[in-house]
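Reading the structure
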Amino acid sequence: MTAPHIIEIEHLSKEFELNGTTIHALRDVNLSIAKGEFVCLIGASGCGKSTLLRIMAGFETASGGAAKMWSKPITEPGPDRGMVFQDYALFPWLTVRDNIAFGPTERSRPKNEVRDKVESFIDLVGLRKFAEAYPHQLSGGMKQRVAIARVLANDAEVVLMDEPFGALDAMTRERLQEELLEIWQRTGLTVVFVTHSIEEAIYLSDRVVVMTPAPGKIESDNPITLVRPRDVSAPDFNEIRRLLGGKLHSHHGRKAA
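Right, let's walk through the structure included here.

Right, let's get into the overall build of the protein chain. When its secondary structure is counted, the protein chain shows seven helices and 10 strands. The globule rule puts the C-alpha radius of gyration for 257 residues at 18 Å, and the 19 Å found for the protein chain is close to it. Based on the C-alpha atoms only, the size of the protein chain along its principal axes is roughly 50 × 45 × 45 Å. Relative to all contacts within the protein chain whose residues are 6 or more apart in sequence, the contacts with residues 24 or more apart total 70%. By element, 53% of the accessible surface of the protein chain is carried by carbon and sulfur atoms, the whole surface being about 12500 Å². Of the charged side chains in the protein chain, 31 are positive and 34 negative, and the gap between their average positions amounts to 1 Å.

This is how it looks when you write it as structure tokens:
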């Protein structure tokens, strides 16, 4: 049985003004994401990946078309959609525990419920020893774990991730990829993940969506059926990398609108 679509993007466009010029960021984007899917968006810089993610989050509005969650228009941010950024966006004056507790506390959830939920997610992301630490006392990888836990504690059904591991060193990035997959598999979350890395997209996702340069459109939607855990050195993995690389590079040099 096919899982129901939790996110639906229909004929979506986005335009904005810059120095008196109209910039066409997205044009006629159509994308459906099923509950529990892990979908990666890849494409050249400026192709509208992050803009599309922000529209899903409710931080920006579309110029045309529609973005829906559970068939209802997305018009503003909500706790059912959590955003994880490359720069962590943690509150520097709050401890790990208090950062994670912030969302449900602001929503006036019962104190016992908040406490139990926070302690559960502290353990889930492996930060029990750092629960009372402040962001400046954490490594980049730890900060990103806190950011993920904070989203989960706020009862998000969809986690929107904008190049969350882009600023991390290679070893930390690989470790967090593994941890993210474990969290995704344990929680049944829906994940939409923006990355520039073809390898990262293939390693993580059920589907890799390739976008064209601006104005961004869906060039292709590519199911990844490799069995997990995936071996980045395997011939079938590298064949997919070659095919997706060809699709991205076919747009190389195309002039942005």
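What follows covers the environment of Ile6. By the element assignment, Ile6 lies in strand S1 (residues 5-18). Linking Ile6 and Pro135, residues 129 residues apart in sequence, is a C-alpha distance of 33 Å. Once residues lying within four places of it in the same chain are set aside, the contact partners of Ile6 are Ile33, Ala34, Lys35, Lys68, Met69, Trp70, Glu157, Val158 and Thr190.

In this structure, Phe38, Ile100, Leu152, Met161, Phe193 and Ile202 are the most contacted members of the largest nonpolar core, which totals 54 residues. No other element matches the eight residues that helix H4 (residues 140-153) contributes to this core. Excluding residues that lie within four positions of it along the chain, Leu152 makes contacts with Phe121, Leu124, Val159, Ile183 and Leu189. Ile9, Leu26, Leu41 and Met56 belong to the second largest nonpolar core, which has 26 residues in total.

In this section: the sheet that holds strand S10 (residues 218-223). Spatially, the six strands line up as an open sheet ordered S6-S7-S8-S3-S9-S10, and their pairing is mixed. Pairing within the sheet leaves two strands with one partner each, and these edge strands are strand S6 (81-84) and S10. Along the sheet, successive strands turn relative to each other by an average axial angle of 15 degrees, direction set aside. Across the face of the sheet, helix H1 (residues 49-57) comes into contact with strand S3 (38-42), S6, strand S7 (158-162), strand S8 (190-194) and strand S9 (207-211) while running at roughly 150 degrees to S7. Each of S6 and S7 touches H4; the most contacted strand, S6, lies at about 170 degrees to it.

Arg228 connects to Pro229 through a cis peptide bond whose omega is -5 degrees. Even without glycine at this site, His11 takes up a positive phi of about 50 degrees. In this structure, His11 sits in strand S1. Phi is positive for Asp155, close to 65 degrees, though the residue is something other than glycine. Examined against the element boundaries, Asp155 turns out to sit in the loop between H4 and S7.

The rules behind each value
Residues numbered from 1 in each chain as written. Predicted model: local features only at pLDDT ≥ 70, side-chain atom pairs only at ≥ 80, totals over all residues. Heavy atoms only, no water. Helix = DSSP H or I, 4+ residues; strand = E, 2+ residues; numbered from the N terminus. Rg over C-alpha atoms; globule rule 2.2 N^0.38 Å. Contact = heavy atoms within 4.5 Å. Areas by Shrake-Rupley, 256 points an atom, 1.4 Å probe, with all protein chains shown as cover. Lys, Arg positive; Asp, Glu negative; His and termini not counted. Charge placed at Lys NZ, Arg CZ, Asp CG, Glu CD. Core = buried A, V, L, I, M, F, W, Y, C linked by side-chain atoms within 4.5 Å. Buried < 20%, exposed > 50% of the residue type's maximum accessible area, 1.4 Å probe, protein only. Pairing = 2+ DSSP bridges. Axes fitted to C-alpha atoms, helices over the stretch in contact; angles between N-to-C directions.

Keep in mind that these numbers describe shape and distance, not what the molecule does.
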